[in-house]
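Chain by chain, the residues:
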Amino acid sequence: MSYMIIIDVVEALPEAVVGQVLTSWVDLTDIARLDSSLCNHKRRNTFLNIVYSAEFTYSEEIGLEKLNYFSQSYNIRCDRLMDWVFLRKVGVNFMFVSNYVNKNAALRKQYLSQHGSKLNSIIFNYFPTQEHRPENVTAVLEDFYEFCHNINNFQVSINRFDNTDFCEVVTTWPGLRKIALNNFANDRTIDLVATTCKHLREIKSVCCHTITVQGWIKFLTTCNHELTCINMGDVLFTEDMYMIVASRFTKLRKLSVLASSLTDNILKGIVHNCPDLEIFECIGGREQITDDSVTYLSQSCRNKLIELDLFSSYMLVSNISIISIAENCPNIRKLRISGTQLTNEALEALGRHCLKLETFHFEDNRNITDRGVVRLAQGCPHLTHLQVPQCGDRGLKAIARCCPLLRSINISCVSACQVTGDGVAALARRCPCLVEINFNFLMKVSDHDIHILVDNCKKLQSLNICNTSVSINGLRYLASHCSSLLVLEISDPAYEDASEIMQMFARTGVDLQLRNYDYLMWVEELD
């Protein structure tokens, strides 16, 4: 029997395992201790069914391109999953080469000799720490070369992976369809990919700063013209690069770039020549597009568009764009807009038409009130990630009541300081899956609210309580009762409390980020 695990660790827990026997959310910590007596009867039976299954595979619907390679918590979860896979000898079609896989050479070789033929995806990612000193990358790769002959997806995010290693990967597995490059790549690397990987469908770059504009232009000109995904969120696209994309890649479904010269005409050209476009991300840069091209995009893509990210302070779009997206793109799941002059009417339109919306981010806008937030929440019950700077108690309570799957919320804004403990309590009690919370500038959030939050949100990993009324007593409770916490942002610790705060979170392993530069300078002087 075959089951699928949807691994979306960039989004944090809970993870989902989809199969005939499971209908509820579980996380990888639970999966790693499948036989634990702490599991309730229903979940235990589910786990045992998975244990007795022969295979465990990731879902292509999510894909591995969303993984957050630079998250320590991500690496820990990968270790737990691979520990279970190795010890149970469970057949999988993917392999996270994390600290655990890297250090257990004998187990790795034994496992690959039995199950290596099932692998089609390899993700190299580990943190070289004092406890986990990585072997020579070439030696690790040799095990995969020997036993894994069906690899079509290779991703890497470690800085010890040099160009020689990657050239060997490409020549060993010329049938690669998905590739993710990191800072080891240069012009020669991507030229080799273009000429060798004739079936390439997806390319992703992460911190590929050594690749020149000329290198990218040559790659885009010579690689397989049937690319469906170009994920280059760190690459500053030029007008020439846009024109090549629009003219060559007519089957493109995803385009993610760091824009610098995007105009209305260029965006219209891409949309016109790429009729299957589902995901368009144009982040940062100095693009100056208007309602004209965004409206054209929404009217052209319609039901196909599922993600649109136009997060830039240079955007000149308004309600016209958002209402057009809402009315024409009912399947949209992710929408991030900035630099806009939105009003409640835009949020109300999204609430009326976009039932499937999961992620919505927009910047500080004084024209938005609780009325718009309430309508958005009521119409979008599947929201998991939300940034709504204009939100009071009424809006927050509507979010809590209507969006139980919420995992991340950011209501950080000076104008949102009307949020009180009532709103926070409603959020904590009705949204237990929350992993990331930003309460910056919510001055009325107190120690009592922290108690309620910690007691109800057992998966909380990241919390920003800068510029709130939380005292050292609230921080003490947080340190002693929130075992899942990984990142905490606070500001302005009193001088006499600073040492205690640093020590108590150092003991728990929390990444404490102090948003007070004068205080940081004082800490550096002590060191």
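Residues numbered from 1 in each chain as written. Predicted model: local features only at pLDDT ≥ 70, side-chain atom pairs only at ≥ 80, totals over all residues. Heavy atoms only, no water.

Participant: Which residues make up the environment of Thr195, and what values go with them?
Facilitator: For Thr195, the position within the fold is in helix α8 (residues 187-196). Given the relative accessible area of 43%, Thr195 is considered partly exposed. The spacing of Thr195 and Cys223 is 28 residues in sequence and 6.6 Å in space, taken between C-alpha atoms. Engagement of the side chain of Thr195 in a polar contact is seen with the backbone oxygen of Leu192, the distance being 3.2 Å. (Helix = DSSP H or I, 4+ residues; strand = E, 2+ residues; numbered from the N terminus. Buried < 20%, exposed > 50% of the residue type's maximum accessible area, 1.4 Å probe, protein only. Polar contact = N/O pair within 3.5 Å; in protein donor to acceptor, adjacent residues only side chain to side chain.)

Participant: Got a sec to walk through the packing of aromatic side chains? Specific residues and values, please.
Facilitator: All told, the structure shown has nine aromatic pairs when counted by the stated rule. Taking 5.8 Å as the distance between ring centres and 45° as the angle between the ring planes, the aromatic pair formed by Phe124 and Phe154 counts as tilted. Remark: Phe154 occurs in strand β7 (residues 153-156) and Phe124 occurs in strand β6 (residues 121-124); sequence separation between them is 30 residues. The interplanar angle of 85° and the centroid separation of 6.0 Å between the aromatic rings of Trp216 and Phe219 together place this pair among those described as edge-to-face. Taken as a pair, Trp216 and Phe219 lie in helix α9 (residues 213-222) at a separation of three residues, close to a single helical turn. By the burial criterion, Trp216 is buried, and Phe219 matches it. Chaining the aromatic ring pairs together yields one cluster made of Phe124, Phe144, Tyr145, Phe154, Phe166 and Trp173. Here the basic side chain of Lys268 rests over the ring of Tyr296, its NZ or CZ set 5.9 Å away from the ring centre. (Phe/Tyr/Trp six-rings, centres within 6.5 Å; stacked < 30°, edge-to-face > 60°. Lys NZ or Arg CZ within 6 Å of the ring centre and 35° of its normal.)

Participant: Give a description of unusual backbone geometry that names residues and reports values.
Facilitator: A positive phi is found at Phe441, a non-glycine position, where the angle reads about 75°. Tracing the backbone shows Phe441 in the loop between β18 (436-438) and α18 (447-456). With relative accessibility at 32%, the residue Phe441 sits in the partly exposed group. Positioned with a positive phi, Asn467 is a non-glycine residue whose angle comes to about 55°.

Participant: Tell me about the pattern of salt bridges, residues and numbers included.
Facilitator: For the structure shown, the criterion picks out 16 salt bridges. Taking the shortest distance from any N to any O, the salt bridge between Lys304 and Asp276 comes out at 3.1 Å. With Lys304 in the loop between α12 (291-301) and β13 (307-310) and Asp276 in the loop between α11 (264-273) and β12 (279-283), this pair connects stretches of sequence that are 28 residues apart. When its relative accessible area of 31% is taken as the criterion, Asp276 is described as partly exposed. Salt-bridge contacts for Arg371 lead to Glu348; the nearest nitrogen and oxygen are separated by 2.7 Å. Placement of the pair is Arg371 in helix α15 (residues 370-379) and Glu348 in helix α14 (residues 344-353), with a sequence separation of 23 residues. (Salt bridge = Lys/Arg side-chain N within 4 Å of Asp/Glu carboxyl O.)

Participant: Can you tell me about the confidence of the model for the protein chain, naming the residues and giving the values?
Facilitator: Residues shown with low pLDDT carry predicted positions that ought not to be read at fine detail. Averaged over every residue, the pLDDT of the protein chain is 79; the share at 70 or more is 76%. Low pLDDT, under 50, characterises residues 129-134; the stretch is placed with eight contacts to residues that sit more than four places away or in other chains. Throughout residues 517-527 the model reports pLDDT below 50, and contacts reaching past four residues in sequence, or to other chains, amount to eight contacts. (pLDDT = per-residue confidence, 0-100. Contact = heavy atoms within 4.5 Å.)

Participant: Tell me about empty space enclosed by the protein, residues and numbers included.
Facilitator: Taken as a whole and assessed by the stated rule, the structure comprises two cavities of 30 Å³ or more. Volume-wise, the second largest cavity comes out at about 30 Å³. What lines the second largest cavity is Phe86, Lys89, Leu107, Gln110 and Tyr111. With three residues, helix α5 (residues 105-115) is the single largest residue contributor to the lining of the second largest cavity. (1 Å grid on protein atoms, 1.4 Å probe; cavity = no way out; pocket = protein on both sides within 12 Å on 5 of 7 lines; lining within 4 Å. Points joined across faces, edges and corners; volume = space filled by probe spheres on them.)

Participant: Could you give me a rundown of the pairing of strand β20 (residues 487-490), with the residues and numbers involved?
Facilitator: As paired strands, strand β19 (residues 462-464) and β20 are joined by three bridges and run parallel to one another. Paired with Asn464 across the strands is Glu489, a residue of β20. Between β19 and its parallel partner β20, the chain crosses via helix α19 (residues 472-481), and the hand of that crossover is right-handed. Note that β20 and strand β21 (residues 511-514) share four bridges and pair parallel. Its bridge partner lying in β21, Val487 is registered against Asp511. (Pairing = 2+ DSSP bridges. Right-handed = clockwise from strand over helix to strand, strands pointing away.)

Participant: For α15, give the residues involved together with the corresponding values.
Facilitator: Counting buried positions over the ten residues of α15 gives seven, a clear majority of the element. Of all the positions in α15, only Asp370, Gly372, Val373, Val374, Leu376, Ala377 and Gly379 are classed as buried. Those residues of α15 that are buried are in contact with α14, β15 (359-362), β16 (385-387) and α16 (393-402).

Participant: Lay out the side chain of Ser298 in plain terms, naming residues and giving numbers.
Facilitator: Locating Ser298 in the fold gives a position in helix α12. A relative accessible area of 0% places Ser298 in the buried class. With sequence-adjacent residues up to four places away left out, Ser298 is seen in contact with Ser324, Ile325, Asn328 and Cys329.

Participant: Provide a residue-level description of the nonpolar core, including the pertinent values.
Facilitator: In this structure, Phe154, Phe219 and Ile399 are the most contacted members of the largest nonpolar core, which totals 151 residues. In this structure, Phe154 is in contact with Ile122, Phe124, Leu141, Phe161, Phe166, Val169, Trp173, Leu176, Lys178, Ile179 and Ala180, ignoring residues within four places of it in sequence. (Core = buried A, V, L, I, M, F, W, Y, C linked by side-chain atoms within 4.5 Å.)

Participant: Can you break down the pairing of β15 residue by residue, with the values?
Facilitator: Burial along β15 is two-sided: Thr359 and His361 facing one way and Phe360 and Phe362 facing the other are all buried. As paired strands, strand β14 (residues 334-337) and β15 are joined by four bridges and run parallel to one another. Bridged to Lys334 within β15 is Thr359. As judged from the three bridges shared by β15 and β16, these two strands associate in the parallel manner. Each bridged residue has a counterpart across the sheet, and for Thr359 the counterpart in β16 is His385.

Participant: An account of the environment of Glu363 is requested, with residue identities and associated values reported.
Facilitator: Tracing the backbone through its elements, the reader meets Glu363 in the loop between β15 and α15. When its relative accessible area of 35% is taken as the criterion, Glu363 is described as partly exposed. Distance in space between the C-alpha atoms of Glu363 and Val388 is 7.4 Å, their sequence separation being 25 residues.

Participant: Can you break down the environment of Leu112 residue by residue, with the values?
Facilitator: Counting through the fold element by element, Leu112 comes out in helix α5. A sequence separation of 31 residues divides Leu112 from Asp143, and the C-alpha atoms of the two residues are 7.5 Å apart. Discounting residues that sit within four places of it in the chain, Leu112 has contacts with Met95, Leu119, Asp143, Phe144, Phe147 and Cys148.

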